[in-house]
Amino acid sequence: MKEEVVLKVEELQVYLPSQEGMLRAVNGVNLEIKKGKILGLVGESGCGKSVMSLSLLKLLKNKDWKTEGEVRLKERNIFSLSEEEMRKQRGKEIAMIMQNPMSVFDPLRTIGSHFVDTIQNHIKVSVREAKKIAIENLKKVSLPEAEKIMRQYPFQLSGGMLQRVMIAIAIAMNPDVLIADEPTTALDVTVQYQILGQLKSLVKHNNTGVLLVSHDLGVIAQMADEVAVMYCGYIVEKAPVEELFKHPAHPYTRGLLASRFQLNKKRLKPIEGQPPSLLNLGNQCPFLERCSEVEAACREYTMDEVGGIKNHLVRCVKYARGKEMILDELA
Ligand SMILES: Nc1ncnc2c1ncn2[C@@H]1O[C@H](COP(=O)(O)OP(=O)(O)OP(=O)(O)O)[C@@H](O)[C@H]1O
């Protein structure tokens, strides 16, 4: 059966001109978010995950950010929409769950007032009906005493409860696309896994297409159908989740996997060195100086050359230049 694409990102560039030069945070990204599927986006801190996520909703705070390429939400390029048109899409067609709920809620307004506003922005219903919808959605994320929560202020709820409220608001309009940027990073592990499990069953049930941003490969393994690995604003590898964990091809992906904690591993093997600055980044491989497999050909390779097979894409000279190892390793 053909999978329905709900959000298509084509050759997305996001950059910030400054006196020191150009900060290139997102570099030529192509991605598809499909109905009912979770696309995981993983990468080290500072690699551009949040800038990319915010650009998909036209929510970049600093107005000096420039974007190029297209983000097609149901066939409409969001970069050609006015702020007013975009506001109508947000919440209804595309919604976001942020990392830190405290930064999203106004401390002086009750949860109910936030919720009712969001609903009334998108559908014509009375306050009473909006409250009913809000309570139904709070129950879906297992919040006990939903009626009481509606009357409470953000500071009266724990981090886990607030994160659940944000999920409830995000799913209330049954959006086609949900962008979840590190939705549980700030929470302790038991709450984190409960909330992730719930989020997964809700989005699968509603057939929502999700971009799940995380630096945690365990979260990605549990949640995602497909994974994109980001490094210095480039997607360096993209594959179905099992394929990526069984046959990681890019040396950076392999480095990430080797550096994660596992009980049966005696020693973690962190990736040596630091990512280069995104300021005035060229289009040579940005992993070159850290890569343990570097070879002469790497110095001539540019990041627009993509290799791999079928649905497993890799931006590395070995694969881009079609060495036999692709088929050997991925057979
Ligand atoms: N408002 C801003 N002004 C200038 N530079 C910024 C701004 N926001 C982000 N950046 C820079 O853009 C780059 C990408 O940052 P981004 O927050 O997207 O990374 P990230 O992968 O989401 O990291 P983390 O996992 O730590 O949130 C970084 O170099 C960051 O310093």
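Residues numbered from 1 in each chain as written. Predicted model: local features only at pLDDT ≥ 70, side-chain atom pairs only at ≥ 80, totals over all residues. Heavy atoms only, no water.

This paragraph deals with the overall build of the protein chain. Helix and strand content of the protein chain: 12 helices and 12 strands. For 331 residues, the compact-globule formula gives about 20 Å, and the C-alpha radius of gyration of the protein chain, at 21 Å, lands near that figure. Every one of the 331 residues in the protein chain was classed for burial, and the buried ones make up 49%. In the protein chain, which carries 45 positive and 41 negative side-chain charges, the distance between the mean positions of the two groups comes to 5 Å. (Helix = DSSP H or I, 4+ residues; strand = E, 2+ residues; numbered from the N terminus. Rg over C-alpha atoms; globule rule 2.2 N^0.38 Å. Buried < 20%, exposed > 50% of the residue type's maximum accessible area, 1.4 Å probe, protein only. Lys, Arg positive; Asp, Glu negative; His and termini not counted. Charge placed at Lys NZ, Arg CZ, Asp CG, Glu CD.)

Right, let's talk about the site of the ligand for a bit. By nearness alone, every residue bordering the ligand is listed as Leu16, Leu23, Glu44, Ser45, Gly46, Cys47, Gly48, Lys49, Ser50, Val51, Trp65 and Leu278. Taking Gly46, its main chain carries an N or O atom lying 2.7 Å from an oxygen atom of the ligand. Contact between the ligand and Ser50: an oxygen atom at 2.8 Å from a main-chain N or O atom of the residue. Expressed as a share of its isolated accessible area of 630 Å², the protein-covered part of the ligand is 62%. With three residues, helix H1 (residues 49-55) is the largest single contributor of residues to the shell around the ligand. (Near = heavy atom within 4 Å. Polar contact = N/O pair within 3.5 Å; in protein donor to acceptor, adjacent residues only side chain to side chain. Areas by Shrake-Rupley, 256 points an atom, 1.4 Å probe, with all protein chains shown as cover.)

Tracing the backbone through its elements, the reader meets Leu12 in strand S1 (residues 5-18). Setting aside chain neighbours within four positions, we find Leu12 in contact with Val26, Asn27, Gly28, Val29, Met52, Ser55, Leu56, Glu68, Gly69, Val71 and Phe79. (Contact = heavy atoms within 4.5 Å.)

What follows deals with helix H10 (residues 251-258). Structurally, the α-helix is built with 3.6 residues per turn, so residues lying three or four positions apart point the same way. Summarising burial for H10: six of the eight residues are buried, a large majority. Those residues of H10 that sit buried are Pro251, Tyr252, Thr253, Gly255, Leu256 and Leu257. Those residues of H10 hidden inside the fold are in contact with helix H8 (217-223), strand S9 (226-231), strand S10 (234-240) and helix H9 (241-246).

Looking at the protein chain, the pLDDT average stands at 89 and 95% of residues meet or exceed 70. The low-confidence segment residues 324-331, where pLDDT is below 50, has 14 contacts with residues more than four positions distant or belonging to other chains. Quick note on the complex model: pTM equals 0.91, ipTM equals 0.92. (pLDDT = per-residue confidence, 0-100.)

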